[in-house]
Amino acid sequence: MRRPSTIAIDGPAASGKSTIGGLLAERLGYLYLDTGVMYRAVTWAALVRGIPIDDEAAVTALARQVKIEILRPTVQDGRSYTVLVDGQDVTWEIRQPEVNHAVSPVSAYPGVRAALSAQQRRMGRKGRIVMVGRDIGTVVLPRADLKIYLDATLEERAARRYREVVARGEQADYEQVLASVRRRDEIDSNRSVAPLRPADDAVVIDTTTLTIEQVLDRVLALVDDYGRGRRQSVANREENSS
Ligand code: DC
């Protein structure tokens, strides 16, 4: 059966994109790329180098120059991948609250997006990939074979993020997590370049009341539908009819 070769999964913070994207890639034997990691890596590098987050020119120059590598896990400590910035392992550092706080402003800079999107598009061109982010279906891979947009209520997403932090053994306050997720939603959805929104040809799944298994089942059903020719992206339809 024919399979979608490029799969885009977008959605707001804690909508389940990364979990579902990773599981789907594993099931299909595809490469998994969580593009949020790249924005986080640039943000982390700016913070440790003392570059002010509001210095757009300096942060943009950094995004063009920093070397980000996403590898299979190099340490068995619960990570799903290893992230290197100029050779340094920052897998856990990029999940810290300081990075959470600064990453949305950094990812709103057009030059930062251009630098990272170009790298993401190069990886997407090879196919057999599940790419996860905010603008994959709309901007990075507008011709992706299958586009999925995962959503959930703000409260449910904050509760998931809270549980994740607690599970890592860190301190968390639900109200603070809620405020932080709300703030990121606002910045990600209202920025002028590549704002968070579903592509016109994306399938939207509300995951608020669904378990991970249920979401994965729905996504796998969409993959099967594609193979049976029941679902094609607009780009493909145009391509086939020309
Ligand atoms: O998915 P995440 O929480 O790790 O993403 C971190 C930030 O990166 C998020 O607030 C918005 C930004 N981002 C983006 O602008 N475009 C992407 N394709 C992925 C993430």
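Calculation criteria
Residues numbered from 1 in each chain as written. Predicted model: local features only at pLDDT ≥ 70, side-chain atom pairs only at ≥ 80, totals over all residues. Heavy atoms only, no water. Phe/Tyr/Trp six-rings, centres within 6.5 Å; stacked < 30°, edge-to-face > 60°. Helix = DSSP H or I, 4+ residues; strand = E, 2+ residues; numbered from the N terminus. Buried < 20%, exposed > 50% of the residue type's maximum accessible area, 1.4 Å probe, protein only. Pairing = 2+ DSSP bridges. Core = buried A, V, L, I, M, F, W, Y, C linked by side-chain atoms within 4.5 Å. Salt bridge = Lys/Arg side-chain N within 4 Å of Asp/Glu carboxyl O.

A. Representation of the packing of aromatic side chains in the model. Under the criterion given, the structure shown has 2 aromatic pairs. Judged by centre distance (6.3 Å) and plane angle (45°), the rings of Y32 and Y81 are tilted. Highlighted residues: Y32 in strand β2 (residues 31–34) and Y81 in the loop between β3 (68–71) and β4 (82–85), separated in sequence by 49 residues. Considered together, Y32 and Y81 belong to a single accessibility category, that of buried residues. Ring plane angle 85° and centroid distance 6.3 Å describe the contact between Y162 and Y174, whose orientation is recorded as edge-to-face. On the criterion of sequence distance, the pair formed by Y162 in helix α7 (residues 154–167) and Y174 in helix α8 (residues 174–190) is long-range, its members being 12 residues apart.

B. Structural detail: the pairing of strand β6 (residues 129–133). Taken across its 5 residues, β6 has 5 buried, putting it largely inside the fold. Across the two faces of β6 the burial is the same, with I129, M131 and G133 and V130 and V132 all buried. Of the strand pairs in this sheet, strand β1 (residues 6–10) and β6 are connected by 5 bridges, and their pairing is parallel. Looking at the pairing, D10 lines up with G133 of β6.

C. Structural context of the environment of A45. In this structure, A45 sits in helix α2 (residues 36–48). The class of A45 is buried, set by a relative accessible area of 0%. Separated by 54 residues in sequence, A45 and V99 have C-alpha atoms that sit 9.7 Å apart.

D. The arrangement of the nonpolar core in detail. Judged by nonpolar contacts, the single largest core of 50 residues is most densely connected at I7, I9, L24, V42, V112, V130 and I148. Element by element, the count of residues in this core is highest for α2, at 8 residues. Membership of the second largest hydrophobic core comes to 8 residues, among which are L33, V140, L141 and A144.

E. Examining the pattern of salt bridges more closely. One pass over the structure, following the stated rule, counts 14 salt bridges. Among the ionic pairs, R157 bridges to D185, the shortest N-O distance being 2.6 Å. Here R157, found in helix α7, pairs with D185, found in helix α8; they are 28 residues apart in sequence, far enough to count as distant. Judged by relative accessible area, which is 15%, D185 ranks as buried. For D188, the salt bridge goes to R191, with nearest N and O atoms at 3.8 Å.

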